[in-house]
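Topology and contacts: notes
The residues making up each chain are set out below.
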Amino acid sequence: MNAGPAQTHRESSLAETEIHDVLRNDRRRLVLERLAETEERQSVSDLAEYIAGVESGEQPPPRNVRQSVYVSLHQTHLPKLDDLGIVTYDANAKTVERAENADDVAVYMEVVPKNALSWAAYYFTVSLLGVLTLLAHRVGVPVLSGVDATLLGGFLFSVICVSAAYHHLTQRDTALWLRN
């Protein structure tokens with residue numbers, strides 16, 4: 001069956017339950033975040049060091065935490081991610097890299113730091129403020145009623161466009177796929 005126009009959503013080869021199962025574990029999430037950040041092959045030792053540092057909040061992390069993370073990555077988490085085609089794990093070379101299904105999981109992983117606003121919440125807030133501002137203009141709120149509605153709407157639209165451009169340039173967009 002022909003896909004039609006150039007822009008289509010790619011079908012995920014992973015079931016949502018598999019994706020949610022993967023993301024339910026902090027260590028698996030941290031592996032995927034780290035691989036997405038660096039976009040290059042990582043050694044299991046480097047991943048264990050990174051994850052142990054995050055878990056312990058210490059740099060360098062304590063040896064026992066690093067060792068615990070290393071063992072769980074090697075025996076459990078990396079083989080699972082490899083079986084699902086999310087990473088390619090070479091158990092002999094002790095290296096890991098992103099695989100074909102990594103992007104299927106990445107669309108569920110918007111990473112929002114503590115006390116930060118997600119992009120979805122940001123766009124909703126800007127849009128809501130825009131609607132409320134235009135509504136306030138319409139009902140005659142003194143400061144806003146003196147401004148032309150077209151100018152006001154154009155300004156709000158420009159804020160959304162600039163925000164979207166910034167978001168596009170700084171974030172890796174994995175939700176929309178182009179089919180060749």
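Before going into details, it helps to say that this report is about the structure given with it.

Criteria and cut-off values
Residues numbered from 1 in each chain as written. Predicted model: local features only at pLDDT ≥ 70, side-chain atom pairs only at ≥ 80, totals over all residues. Heavy atoms only, no water. Helix = DSSP H or I, 4+ residues; strand = E, 2+ residues; numbered from the N terminus. Buried < 20%, exposed > 50% of the residue type's maximum accessible area, 1.4 Å probe, protein only. Contact = heavy atoms within 4.5 Å. Pairing = 2+ DSSP bridges. Axes fitted to C-alpha atoms, helices over the stretch in contact; angles between N-to-C directions. Expected span 1.5 Å × (residues − 1). Polar contact = N/O pair within 3.5 Å; in protein donor to acceptor, adjacent residues only side chain to side chain. Parallel < 35°, antiparallel > 145°, perpendicular 65-115°, else oblique.

This next bit is on the environment of L134. Mapped onto the secondary structure, L134 falls in helix α6 (residues 119-139). The class for L134 is partly exposed, based on a relative accessible area of 35%. In this structure the C-alpha to C-alpha distance between L134 and L152, which are 18 residues apart in sequence, comes to 7.4 Å. With sequence-adjacent residues up to four places away left out, L134 is seen in contact with A149, L152, G153 and L156.

Pairing is antiparallel in the open sheet, where three strands are placed in the order β2-β4-β3. Only two strands of the sheet have a single neighbouring strand rather than two, namely β2 (42-43) and β3 (87-90). One ladder, built from four bridges, connects β3 with strand β4 (residues 95-98); its direction is antiparallel. From the neighbouring strand, D90 faces β4, where its bridge partner is T95. Against the sheet, helix α2 (residues 26-38) touches β2, β3 and β4, its axis set at about 75° to β4. Strand contacts of helix α4 (residues 63-83): β3 and β4, with the helix running at about 135° to β3, the strand carrying the most contacts.

In an α-helix, one turn spans 3.6 residues; hence positions three or four apart end up facing the same way. Helix length check: α2 (13 residues) gives 18 Å between terminal C-alpha atoms against 18 Å at 1.5 Å per residue, within 8%. Turning to α2, its buried residues are R27, R28, L30, V31, L32, E33 and L35. Measuring from the backbone nitrogen of R27 back to the side-chain oxygen at the start of α2 gives 2.9 Å, which picks out N25 as the cap. The first or second residue beyond α2 is E39, which carries a positive phi of 55°.

One way to put it is that α2 packs onto α4 with a least axis distance of 10 Å and a crossing angle of 80°. Of the possible angle classes, the one that applies to α2 and α4 is roughly perpendicular. Note on element contacts: α4 touches α2 through S68, V69, S72, L73, H77, L78, K80 and L81, opposite R27, R28, V31 and L32.

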